[in-house]
Amino acid sequence: IAAGGAVAAPLATSGREAMSFEDGMLDVAKVVDFETPLQFRQMSNDILDLSTRIPIATEGLTAIVAAAGQASIPRAELLGFAEDAGKMGIAFDTSADQAGSMMATWRTAFRMTQPEVRGLADQINYLGNTGPANAMQISNIVTRIGPLGEVAGMAAGEIAALGSTMAGMGLSDEIAATGIKNTVLALTKGEAATRMQRQAWQALGLDAVTVAKQMQQDAGGTILDVLGRISKLAPDRQSAILTQLFGSESVGAVAPMLTNLDLLEENLGKVADSSLYAGSMQKEFESRAAAASNAV
């Protein structure tokens, strides 16, 4: 009986895993168009092969592929997407499902290709490794802001730099994201600026329309310029100008950056230099994947 149980246990376990994988592939088939049964079988084999190279169970990989297919990512890119999401999950110390969801959101919100999404993940990972905010905090802020950054002329990497700076000062993801949103909205109002805002711009020696145009050309540089001008005002005037430009609810998020402009400038420089962040996520993945728990 003992010997029979020992033989049966792995067979039962592998049987359950096989059924779980089959169920996962059926979910994939619902949202991905396969022209032939051969394409479906090839996808199944590719996912099984991927599970031997990334420490993620096939159930997790099929969930990523299904979510990516539902997000209308082309079939030819699904496997590469799943691999990137799996590596990001390991590197960022989060679940593969959450990593895949974030990547899919970035692709849609910022209209990115998969290599561009991978580059954004590299930027976020590098910021997380070289600053007080971790990669997931920065990722959450970038995801919350979404397409607003593109409308404001900001690259996703610049949003990540702002998010890293704010989160590094102890602000929650939600407060940091709200602060960034209100900041870029105020800087891009242009002709829609209120009378109070136009007065605030005049006090800084700037014009609302000019600032809005500069945001489209160099968002990071424009933000640094505006905050730098505010930091040179008397402390009592700083609060008034911040309130007029960004609203009272965002003063608490924006004000700390006035004393950390060097850090903000440093973070913007990090995401502007690809030689610094290129391959950061891959290196992090390789380091974490070598741990005993992941190796097993």
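Preceding block: the structure.
The text that follows walks through the structure, step by step, so that each part is easy to find. Since the structure is predicted, the reported quantities are computational estimates derived from the model, not experimental observations.

## Description of the overall build of the protein
Okay, so step 1: Scanning the protein for helices and strands turns up 19 helices and zero strands.
Okay, so step 2: Oriented by its inertia axes, the alpha-carbon framework of the protein measures out at about 85 × 40 × 35 Å.
Okay, so step 3: Considering the protein as a whole, with its 296 residues, one finds that 47% of them fall into the buried category.
Okay, so step 4: A separation of at least 24 residues holds for 67% of the contacts in the protein among residues at least 6 apart in sequence.
Okay, so step 5: Carbon and sulfur atoms form 53% of the exposed surface of the protein, whose accessible area is close to 14100 Å².
Okay, so step 6: Charged side chains in the protein number 21 positive and 32 negative. The centres of these two groups are separated by 6 Å.

## Considering helix α14 (residues 235-246)
Okay, so step 1: For α14, with twelve residues, the first-to-last C-alpha span of 17 Å sits near the 16 Å given by 1.5 Å per residue.
Okay, so step 2: Q238, I241, L242, L245 and F246 are the residues of α14 that are buried. Along the axis of α14, the buried positions cluster into a sector of 100 degrees, meaning they face one direction only.
Okay, so step 3: Each element contacted by the buried residues of α14 is listed here: α10 (173-187), α11 (195-203), α13 (219-231) and α15 (248-258).
Okay, so step 4: Where α14 terminates, the next one or two residues include G247, which has phi positive at roughly 90 degrees.

## Some remarks on the pattern of salt bridges
Okay, so step 1: Per the stated rule, a full pass over the model turns up nine salt bridges.
Okay, so step 2: Residues E83 and K87 are paired through a salt bridge, measuring 3.3 Å at the closest nitrogen-oxygen approach. Linking E83 with K87, this pair stays in helix α4 (residues 75-91), spanning four residues, or about one helical turn.
Okay, so step 3: Between D84 and R118 there is a salt bridge, with its nearest N and O atoms 3.1 Å apart. With D84 in helix α4 and R118 in helix α6 (residues 114-130), the pair connects residues that are 34 residues apart, well separated along the chain.
Okay, so step 4: Taking relative accessible area as the criterion, R118 reaches 33% and is therefore assigned partly exposed.
Okay, so step 5: Salt bridges linked by common partners bring D49, R53, E83 and K87 together as one network.

## A few points about unusual backbone geometry
Okay, so step 1: You will see that S72, though not glycine, has its phi angle at about 65 degrees, which is positive.
Okay, so step 2: Positionally, S72 belongs in the loop between α3 (58-70) and α4.

## As for the packing of aromatic side chains
Okay, so step 1: Throughout the structure, instances matching the rule amount to one aromatic pair.
Okay, so step 2: Considering the side-chain rings of F34 and F40, the 5.4 Å spacing of their centres and the 85 degrees angle between planes classify their relative orientation as edge-to-face.
Okay, so step 3: For F40, a relative accessible area of 24% translates into the label partly exposed.

## A short note on a negative patch on the surface
Okay, so step 1: On the surface, E22, D23, E59 and D97 cluster together to form a negatively charged patch.
Okay, so step 2: If you trace the backbone, D97 turns up in helix α5 (residues 96-109).

## Some words on the side chain of R107
Okay, so step 1: Within the secondary structure, R107 is located in helix α5.
Okay, so step 2: If we skip the residues at most four places from it in the chain, R107 touches I73, P74, E77, F81, M112, Q114 and V117.

## A closer look at the environment of A76
Okay, so step 1: Among the structural elements, A76 can be located in helix α4.
Okay, so step 2: A residue is classified by how much of its surface remains accessible, and A76, at 77% relative accessible area, is exposed.

## A look at the packing of helix α7 (residues 135-145) against helix α9 (residues 156-168)
Okay, so step 1: Put simply, α7 and α9 touch, their axes get as near as 9 Å, and they point 125 degrees apart. As summarised for this structure, α7 and α9 are arranged oblique, according to the angle between their axes. Between α7 and α9 the crossing geometry is right-handed. Contact residues: α7 offers Q137, I138, I141, V142 and I145, while α9 offers I159, A160, G163, S164 and A167.

## Digging into the side chain of T62
Okay, so step 1: Position of T62 relative to the elements: it lies in helix α3.
Okay, so step 2: A relative accessible area of 2% places T62 in the buried class.
Okay, so step 3: Among the polar contacts listed, one links the side chain of T62 to the backbone oxygen of E59, at a separation of 2.9 Å.
Okay, so step 4: Residues in contact with T62, not counting those within four places in the same chain, are F21, G24, M25, V28 and I47.

## Examining α11
Each α-helix winds once per 3.6 residues, and so residues spaced three or four apart point in a common direction.
Okay, so step 1: Within α11 the residues assigned to the buried category are Q197, A200 and W201. Burial along α11 is one-sided: seen end-on, the buried residues are contained in an arc of 100 degrees. For α11, the exposed residues set more than 90 degrees away from the buried face come down to R195 and Q202.
Okay, so step 2: Residues of α11 that are buried make contact with α10, α12 (208-217), α13 and α14.

What counts, and at which threshold
Residues numbered from 1 in each chain as written. Predicted model: local features only at pLDDT ≥ 70, side-chain atom pairs only at ≥ 80, totals over all residues. Heavy atoms only, no water. Helix = DSSP H or I, 4+ residues; strand = E, 2+ residues; numbered from the N terminus. Buried < 20%, exposed > 50% of the residue type's maximum accessible area, 1.4 Å probe, protein only. Contact = heavy atoms within 4.5 Å. Areas by Shrake-Rupley, 256 points an atom, 1.4 Å probe, with all protein chains shown as cover. Lys, Arg positive; Asp, Glu negative; His and termini not counted. Charge placed at Lys NZ, Arg CZ, Asp CG, Glu CD. Expected span 1.5 Å × (residues − 1). Arc of directions from axis to C-beta. Salt bridge = Lys/Arg side-chain N within 4 Å of Asp/Glu carboxyl O. Phe/Tyr/Trp six-rings, centres within 6.5 Å; stacked < 30°, edge-to-face > 60°. Patch = residues over 30% accessible without salt bridge, like charges linked within 9 Å, V, L, I, M, F, W, Y side chains within 5 Å. Axes fitted to C-alpha atoms, helices over the stretch in contact; angles between N-to-C directions. Parallel < 35°, antiparallel > 145°, perpendicular 65-115°, else oblique. Left-handed = near helix turned anticlockwise from the far one by under 90°. Polar contact = N/O pair within 3.5 Å; in protein donor to acceptor, adjacent residues only side chain to side chain.

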